[in-house]
Amino acid sequence: MKVEGKNAVRELLKTETKIEKILAENSLRDGESRAILAEARAQGVRVQFADKGALDRESETRRHQGLIAYVPDYKYADADELLAAAENKDGLYVVLDGVTDPHNLGSIIRVCECAGVDGLFFADRRAANVTDTVMRVSEGAANHLKIARVGNVNTLLDELKDKGYWITGAELGGENIYKADLRGKCVLVIGGEDTGIKRLTKEKCDRIAEIPMFGKVNSLNASVACGVAVFEAVRQRKGF
């Protein structure tokens, strides 16, 4: 897997992830890039220099900013360990139900990490996975957030409910999310880009909460909806 861009590579170096090498553009002169490479060398990471054309050929997006790190495939958190940890605290978790766009997934990961979410779950089939693109869009947040894949989202929700969690689906047609109590043991379910929350998953939710709309378009992008819902939960939980 490749991790591209200054922010993503910098955040990668803060983790215990094994970095096979960093490919750096040989014309890099800015202080930020030099600091990143100095930290990489201090950690014993091999740094290889090449011209911009070589990095462009290696990059999926040509947004590498002169730095590409090579790492093993993304290692997901253990779902059972996350569930065991959830039992003993008033955690905030996000469950994705059919998010398939890697850009949405990357943005959601960044939102969840910035908000201090305790963990993110999604199904291991018919859903986007953590790829090079997702890593880049998340700006390195995927290196810090606990992300787990599960065989069945509905079974997961049952397990979380057994641990005392209240399941809130973020979808049109429910109560005003700003009036919903999102404190305590809280799970937010975010639906897919086209289908929203699936019918069977919605039936597992304890309630549906919607974000009020005031324009002519009545729905938000999945990552934007996740951001609004997660930070409303954070606002309530922190007493802002």
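Placed above this text is the structure.
Residues numbered from 1 in each chain as written. Predicted model: local features only at pLDDT ≥ 70, side-chain atom pairs only at ≥ 80, totals over all residues. Heavy atoms only, no water.

1. Description of the sheet that holds strand E5 (residues 92-97)
Part 1: Pairing is parallel in the open sheet, where 6 strands are placed in the order E7-E6-E5-E9-E8-E10. Every interior strand has two partners, whereas the edge strands, strand E7 (147-150) and strand E10 (207-210), have only one. Strand-to-strand twist in this sheet, taken as the mean axis angle between neighbours without regard to direction, amounts to 35 degrees.
Part 2: Across the sheet, helix H9 (residues 222-238) is in contact with E5, strand E8 (166-176) and strand E9 (186-191); its angle to E9 comes to roughly 165 degrees. (Pairing = 2+ DSSP bridges. Helix = DSSP H or I, 4+ residues; strand = E, 2+ residues; numbered from the N terminus. Axes fitted to C-alpha atoms, helices over the stretch in contact; angles between N-to-C directions. Contact = heavy atoms within 4.5 Å.)

2. Comments concerning the pairing of strand E3 (residues 47-50)
Part 1: Two elements, strand E2 (residues 21-25) and E3, share 4 bridges in a ladder whose sense is parallel. Considered in E3, the bridge of Ala-24 is made with Phe-49.
Part 2: For the crossover that starts at E2, traverses helix H2 (residues 31-42) and ends in the parallel E3, the hand is right-handed. (Right-handed = clockwise from strand over helix to strand, strands pointing away.)

3. Topic: the layout of surface pockets
Part 1: If you add up the space inside the largest pocket, you get close to 510 Å³.
Part 2: At 3 residues, the largest contribution of residues to the lining of the largest pocket is made by helix H4 (residues 79-87).
Part 3: Residues that form the lining of the largest pocket fall into these classes: 13 nonpolar, 3 polar and 6 charged.
Part 4: Approximately 330 Å³ is the volume attributed to the second largest pocket.
Part 5: Taken together, 19 residues form the lining of the second largest pocket, with Ala-170, Glu-171, Ser-219, Leu-220 and Ala-225 sitting closest to its centre.
Part 6: Broken down by element, the lining of the second largest pocket gets its largest block of residues, 3 residues, from E8. (1 Å grid on protein atoms, 1.4 Å probe; cavity = no way out; pocket = protein on both sides within 12 Å on 5 of 7 lines; lining within 4 Å. Points joined across faces, edges and corners; volume = space filled by probe spheres on them. Nonpolar A, V, L, I, M, F, W, Y, C, P; charged D, E, K, R; others polar.)

4. What to know about the pattern of salt bridges
Part 1: Under the definition given, this model contains 14 salt bridges.
Part 2: Linking Asp-158 and Lys-204 is a salt bridge whose minimum nitrogen-to-oxygen distance equals 2.9 Å. With Asp-158 in helix H7 (residues 153-162) and Lys-204 in helix H8 (residues 199-204), this residue pair connects regions lying 46 residues apart in the sequence.
Part 3: When the shortest N-O distance is used, the salt bridge between Arg-235 and Glu-232 registers 2.8 Å. Taken together, the residues Arg-235 and Glu-232, both in helix H9 and 3 residues apart, mark about one turn of the helix.
Part 4: Classification of Arg-235 by relative accessible area gives partly exposed; the value is 35%. (Salt bridge = Lys/Arg side-chain N within 4 Å of Asp/Glu carboxyl O. Buried < 20%, exposed > 50% of the residue type's maximum accessible area, 1.4 Å probe, protein only.)

5. Some points on the sheet that holds E2
Part 1: As summarised here, the arrangement of the 4 strands in space is E1-E4-E2-E3, forming an open sheet in which the pairing is mixed. Of all the strands in the sheet, just strand E1 (2-4) and E3 have a single pairing partner and so form its edges. For this sheet, the mean angle separating the axes of adjacent strands, direction not counted, is 25 degrees.

6. Here's the deal with the side chain of Thr-201
Part 1: With respect to the helices, strands and loops of the structure, Thr-201 is situated in helix H8.
Part 2: Within the structure, Thr-201 has its side chain in polar contact with the side chain of Asn-154 (distance 3.0 Å).
Part 3: Apart from the residues lying within four places of it in its own chain, the contact partners of Thr-201 are Asp-97, Val-153, Asn-154, Leu-157 and Val-189. (Polar contact = N/O pair within 3.5 Å; in protein donor to acceptor, adjacent residues only side chain to side chain.)

7. Some words on the nonpolar core
Part 1: Counting 58 residues, the largest nonpolar core has Ile-109, Leu-120 and Ile-147 as the members making the most contacts within it.
Part 2: Once residues within four sequence positions are removed from consideration, Ile-109 is found in contact with Leu-120, Val-130, Val-134, Ser-138, Ala-141, Ala-142, Leu-145 and Ile-147.
Part 3: Listed in part, the 21 residues of the second largest apolar core include Ala-86, Ala-123, Tyr-165 and Ile-197. (Core = buried A, V, L, I, M, F, W, Y, C linked by side-chain atoms within 4.5 Å.)

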